Amino acid sequence: MSDERTAASDPGARIVDTQCGAIAVSFEGPEGALPVLCVHGIPGSRRDFRYLAPLLSKRLRVLRVEMPGFGESPPDGRATLDGWADVLLAVADALGHERFALLSHSFGGGAVVLAAARAGDRLAGAVLLATLGARRHRAFAMPPPAYTAMSALIAFPPTRPLFVAAGRRFYRRLRLTPPDGWRELHRHTSLLASVSFAEIGANARRIQAPVLLAHCLDDRLVQPEIPRELAALLPAGRLLEFPSGGHHLQKTRAADLAPAILALL
């Protein structure tokens with residue numbers, strides 16, 4: 001297992017003007033190399049890839065993309081999984097990348113599946129780490145319509161304190177960093193409400209480029225069956241499993257992941 005105290009990088013981001021608005025992106029690696037756009041989960045930011053990116057940037061142009069309202073990207077109305085997929089493609093377009101790869105962690109995997117299906121021949125390959133799948137995983141506590149209701153209750157001032165407190169307790173139970181305020185929690189619940197697992201499965205079947213899925217068997221949030229089932233739907237899917245490393249394998253398994261990702265791309 002890799003050591004989180006070594007080989008970390010934290011480049012500053014710059015704002016890229018796209019058709020989806022202003023998006024914060026950090027850049028590492030040779031300018032002429034294949035670009036790989038990395039998208040975090042929720043909660044998350046570009047710093048989630050600080051251990052993996054230096055290992056990939058020796059041969060790839062690593063772009064860490066922060067979704068609207070996360071990290072340094074200003075919030076907008078795109079608090080949906082479909083909106084995240086639009087952002088990834090808009091960043092590639094704004095930077096003039098005719099061919100690119102996509103890499104994701106957790107919730108971001110759903111966005112990458114949707115974006116990859118739309119990218120067609122532009123996509124060189126995709127990597128899904130501890131990904132969202134074609135059905136609910138154990139940490140996705142409620143069906144999406146329930147998150148729609150919760151989002152409304154968080155937005156409504158009389159019920160806001162009760163549901164913000166409940167949401168923060170749930171994050172702590174999962175050992176995740178709770179949102180700082182109600183607006184951030186509202187953004188998270190809106191994103192969860194927007195997920196269609198059937199749409200993820202249908203789009204996975206359309207991706208012709210090679211896709212690497214990586215997962216740790218001791219992941220407390222996503223059970224192993226989720227990436228296994230998604231890999232079976234992908235025409236060129238390959239599954240890499242580790243006995244340990246938890247949910248954030250882009251940190252704990254960075255040294256093991258990098259060679260497999262470089263071989264794919």
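Here, the structure is the one placed above.
Throughout this description, residue numbers start from 1 for each chain and increase along the sequence as written. Whole-chain, interface and lining totals are the exception, using all residues; otherwise, since this is a predicted model, local features are given only for residues with pLDDT of at least 70 and side-chain atom pairs are given and counted only at 80 or more. Excluding hydrogens and water, the side-chain figures rest on all heavy atoms present in the structure.

## Re the packing of helix α4 (residues 144-155) against helix α6 (residues 182-193)
1) Next: In this analysis, axes come from line fits to C-alpha atoms, helices being fitted only over the stretch in contact, and the angle between any two N-to-C directions falls in the range 0 to 180 degrees. Secondary structure elements are defined from DSSP: runs of H or I of at least 4 residues count as helices, runs of E of at least 2 residues count as strands, and each element is numbered from the N terminus. Direction vectors running N to C along α4 and α6 enclose 160°, while the axes themselves pass 8 Å from each other. In terms of axis orientation, α4 runs roughly antiparallel to α6. Note that α4 runs across α6; the crossing there is left-handed. Residues P144, Y147, T148, M150, S151, I154 and A155 of α4 form the contact with α6, whose participating residues are W182, L185, H186, T189, S190, L192 and A193.
2) Next: Grouping the constituent residues of the contact of α4 with α6 by class yields nine nonpolar, five polar and no charged. Note on terminology: angles under 35 degrees are roughly parallel, angles over 145 are roughly antiparallel, angles of 65 to 115 are roughly perpendicular, and the others are oblique. Should the near helix be turned anticlockwise from the far one by less than a right angle, the crossing is left-handed, and should it be turned clockwise, the crossing is right-handed. Residue contacts follow a heavy-atom distance rule, with two residues in contact if any of their heavy atoms lie within 4.5 Å. Each residue gets one of three labels, nonpolar for Ala, Val, Leu, Ile, Met, Phe, Trp, Tyr, Cys and Pro, charged for Asp, Glu, Lys and Arg, and polar for the others, Gly among them.

## Comments concerning the environment of R138
1) Next: Here R138 shows up in the loop between β6 (123-129) and α4.
2) Next: Three labels apply to residues, based on accessible area from a 1.4 Å probe with only protein chains included: buried if under 20% of the type maximum, exposed if over 50%, partly exposed otherwise in between. The exposure class of R138 is partly exposed, given its relative accessible area of 47%.
3) Next: Once residues lying within four places of it in the same chain are set aside, the contact partners of R138 are D219, R220, L221, V222 and Q223.

## Things to note about the side chain of Q223
1) Next: As for its placement among the helices and strands, Q223 is situated in the loop between β7 (211-216) and α8 (225-233).
2) Next: Classification of Q223 by relative accessible area gives buried; the value is 12%.
3) Next: Dropping the residues within four chain positions of it, Q223 is found in contact with R135, R136, H137, R138 and H215.

## Brief notes about the nonpolar core
1) Next: Definition used in this section: a nonpolar core is a set of buried Ala, Val, Leu, Ile, Met, Phe, Trp, Tyr and Cys residues joined via side-chain atoms within 4.5 Å. Among the nonpolar cores identified, the biggest contains 53 residues, and L37, V65, W84, L88, L102 and F107 are the most heavily contacted of them.
2) Next: Per element, the largest residue contribution to this core is nine residues, and it comes from helix α2 (residues 81-94).
3) Next: Core analysis: the next-biggest nonpolar cluster, separate from the first, contains 26 residues, V62, L212, C216 and A258 among them.

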